[in-house]
Amino acid sequence: MTGMWDWHDAQGLSRVINVSGTMTGLGASVTAAPVQQAVAAAMGRFVKMHELQARASEVIARLTGAEAGFMTASASAGVSLSLAGCMTGLNPGAAEALPRDPGQTPNVVVQMGHLCGYGAPISQAVELTGGAVRSIGQSTLCTDYALEAALDETVAAALYVVSHHVVHYGQIPLRRFAEICHARGVPVVVDAASEYDLRGFLAAGADIVVYSGHKFLGGPTSGIVAGRRNLVRAGYLQNIGIGRGMKIGKESIAGAIAALEAWETRDHDGIRARERAALDLWAGALAGIDGVAARIVPDPTGNPLDRLEVHMDAARLGAGAGSVAGLLASRDPAIIVRDHEVELGYFQLDPCNLLPGQAEIVAEALVTALSDKAGLAQAAPVDARNSSVAGYLNWGAG
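Criteria and cut-off values
- As a convention, each chain's residues are numbered from 1 in the sequence order in which they are written.
- In view of the model being predicted, local features appear only for residues whose pLDDT reaches at least 70, and side-chain atom pairs are presented and counted only at 80 or more, with totals across whole chains, interfaces and linings using the full set of residues.
- Where side-chain values are given, they derive from all heavy atoms of the structure, hydrogens and water being excluded.
- Partly exposed describes any residue whose relative accessible area lies between the buried limit of under 20% and the exposed limit of over 50%, with all areas from a 1.4 Å probe on protein chains only and scaled to the type maximum.
- Every helix listed is a DSSP run of H or I at least four residues long, and every strand listed is a run of E at least two residues long, numbered separately from the N terminus.
- Pairing between two strands requires that DSSP report at least two bridges joining them.
- Angles run from 0 to 180 degrees between N-to-C directions of axes, and those axes are lines fitted to C-alpha atoms, restricted for helices to the stretch in contact.
- When checking whether two residues touch, look at their non-hydrogen atoms; a contact exists if any pair is within 4.5 Å.
- Salt-bridge detection follows one rule: a side-chain nitrogen of Lys or Arg within 4 Å of a carboxyl oxygen of Asp or Glu.
- By nonpolar core is meant a set of buried Ala, Val, Leu, Ile, Met, Phe, Trp, Tyr and Cys residues that side-chain atoms within 4.5 Å join together.
- A pair of aromatic rings is counted whenever rings of Phe, Tyr or Trp (Trp by its six-membered ring) have centres within 6.5 Å, and the orientation is called stacked for planes under 30 degrees apart, edge-to-face for over 60 and tilted otherwise.
- Each polar contact in these results corresponds to two N or O atoms within 3.5 Å; when the atoms are within protein, one needs to be able to donate a hydrogen and the other to accept it, and residues that are neighboring in sequence are counted only if both atoms are side-chain atoms.

## What about the pairing of strand β8 (residues 223-227)?
Each regular strand shows side chains that alternate between the opposite faces of the sheet.
So, step 1. In terms of residue burial, β8 counts as a mostly covered element, since 5 of its 5 residues are buried.
So, step 2. Side-chain alternation along β8 places G223, V225 and G227 on one buried face and I224 and A226 on a second face that is also buried.
So, step 3. Sheet analysis places strand β2 (residues 68-72) next to β8, joined by 5 bridges and oriented antiparallel. Note that in β8 the partner of M71 across the bridge is I224.
So, step 4. In this structure, strand β7 (residues 208-212) lies alongside β8, joined through 5 bridges in antiparallel fashion. Its bridge partner lying in β8, Y211 is registered against I224.

Okay, structure coming up:
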């Protein structure tokens, strides 16, 4: 474990152990050596960017089964550019007119249960194009007829969001969603930023799928757009307009290509086994602690990933889940848990971003924190609902 914190210490930054997941606020993921080497090699050279994007398209198509693809600054940017492409097609004048003039098809249909936040409102990714969200159904129920009624001649596209943040019941499944949209000639854009499955969404009927290059893929910050060639080309055209502020550099494209290629040869079974070992270690460490119950739970969107869900009985423990999460985050190194549902009495521990030796540090910290009655009583609980904006508001103050 020698050297684990050398970089943080040299930069004067907090030491962090990430058991929250592939979260943008923590830097998303740690890149492997081949990705780092690809980034460094690209930074020392000039390249024709359209050629590099064409190379990216070949790799994206091979891994996803898409006709074509391109890369952009982030998955959020990929959603905006894909929707803008559905509005303008290959008309450069129309692309330059966005967001001021979205044309005759400004509307994007979204199920209400998919209007989530991921650090910013998903609706804003639509509105940045100049388009408008046409929400259908209720937050916990959307019917076929609601979608059918919304798909008129003013609709450019329909957006489908796959995320742990969306409602997981009462929504129209993707395959049926796409069938209804296609019957009206409306393309479907899927936001699958944090998903492992690189082929299933296109196979289920999506016309465009957008992935994050820097989450499970372990690449540099990037968005990956894959799908029908005509729509991919129209989305790529947006770089002459709203996409200019969302552009991606040569180094990030090169690194994301390397990350995609590494995905093809990744030892998924071996990684899953190591993650399971960490979960078993943590569950064993928590066993027998009064007021604490832990269970291994699957990822809600079907990714091949399990997490440890740790429930706290505040009356017996003397502190709730938010306070325990806050106490762990105040340690050195800070241990950042998956705390987006602490108000329900639990947090989760995600093993997918652990570095060697960190699972043991987390196990020891859990036992220490849960045994520290005085510390628990004084701990400031995390505020998952407001914490993301608090960092922006506090940055640079004083």
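Now, onward.
## A short note on the sheet that holds strand β3 (residues 107-111)
So, step 1. One open sheet accounts for 7 strands, arranged β2-β8-β7-β6-β5-β3-β4; its pairing is mixed. With partners counted over all chains shown, the strands left at the sheet margins are β2 and β4 (132-136), one partner each. Between one strand axis and the next, the sheet turns by 25° as a mean value, whatever way the strands run.
So, step 2. Along the sheet face, helix α10 (residues 229-237) touches β2, β7 and β8 and points at about 25° away from the line of β2.

## Topic: the pattern of salt bridges
So, step 1. Following the criterion strictly, the structure yields 15 salt bridges and no others.
So, step 2. R62 serves as the salt-bridge partner of E264, at 2.8 Å between the closest nitrogen and oxygen. Taken together, the residues span a long stretch of sequence, with E264 in helix α11 (residues 250-265) and R62 in helix α3 (residues 49-64) at a distance of 202 residues.
So, step 3. Judged by its relative accessible area of 39%, R62 is partly exposed.
So, step 4. Measuring nitrogen to oxygen at the nearest pair gives 3.3 Å for the salt bridge that ties R176 to E179. In this pair, R176 and E179 are both assigned in helix α8 (residues 174-183), 3 residues apart and thus about one turn of the helix distant.
So, step 5. Each member of the salt-bridge network shares a partner with another, and the members are D299, R307, R338 and D350.

## As for the nonpolar core
So, step 1. Core analysis: the biggest nonpolar cluster contains 48 residues, and M71, L147, V190 and L260 have the highest contact counts within it.
So, step 2. Among residues more than four places away in sequence, those in contact with L260 are V59, I60, L63, M71, L198, L217 and I224.
So, step 3. Counting residues in hydrophobic clusters, the runner-up holds 35 residues, among them I17, A278, V310 and V337.

## Some points on the packing of aromatic side chains
So, step 1. For the coordinates displayed, the defined rule picks out 4 aromatic pairs.
So, step 2. With centroids separated by 4.3 Å and ring planes inclined at 40°, the aromatic side chains of Y196 and F216 adopt a geometry described as tilted. Linking Y196 in the loop between β6 (188-191) and α9 (200-203) with F216 in the loop between β7 and β8, this pair joins segments that are 20 residues apart in sequence.
So, step 3. Note on Y196 and W263: the rings are 5.3 Å apart at their centroids and 55° apart in plane angle, and the pair reads as tilted. Of this pair, Y196 sits in the loop between β6 and α9 while W263 is found in helix α11, placing the two residues 67 residues apart along the sequence. Each member of the pair, Y196 together with W263, is buried.

## A word on the side chain of H214
So, step 1. With respect to the helices and strands, the residue H214 is situated in the loop between β7 and β8.
So, step 2. Among the polar contacts listed, one links the side chain of H214 to the side chain of S212, at a separation of 3.2 Å.
So, step 3. The contact partners of H214, leaving out residues within four places of it in the chain, are T24, A28, S29, G219, P220, T221 and S222.

## Things to note about unusual backbone geometry
So, step 1. Omega for the bond connecting L98 with P99 falls within 30 degrees of zero, at 0°, which places this linkage in the cis form.
So, step 2. Assignment of secondary structure puts P99 in the loop between α5 (92-97) and β3.
So, step 3. The omega angle of the peptide bond from D332 to P333 is 5°, so this bond is cis rather than trans.
So, step 4. Checked against the element boundaries, P333 lands in the loop between α14 (321-329) and β11 (334-337).
So, step 5. For A28, which is not glycine, the phi torsion reads 70° and is therefore positive.
So, step 6. Mapped onto the fold, A28 is located in the loop between β1 (16-19) and α2 (33-43).
So, step 7. The exposure class of A28 is buried, given its relative accessible area of 2%.

## Quick notes on the sheet that holds strand β10 (residues 306-312)
Note: strands within a sheet are paired through backbone hydrogen bonds, in either parallel or antiparallel orientation.
So, step 1. The strand order across the open sheet built from 3 strands is β9-β10-β12, with neighbouring strands paired in antiparallel fashion. Only two strands of the sheet have a single partner each, and these edge strands are β9 (292-298) and β12 (346-349). Geometrically, the sheet is characterised by an average inter-axis angle of 25° between neighbouring strands, direction not taken into account.
So, step 2. Where β10 meets β12, 4 bridges bridge the pair, whose relative direction is antiparallel. Across the sheet, the residue bridging to H311 is Y346, located in β12.
So, step 3. In this fold helix α12 (residues 268-286) packs onto β9, β10 and β12, with an angle of close to 15° to the strand it touches most, β10.

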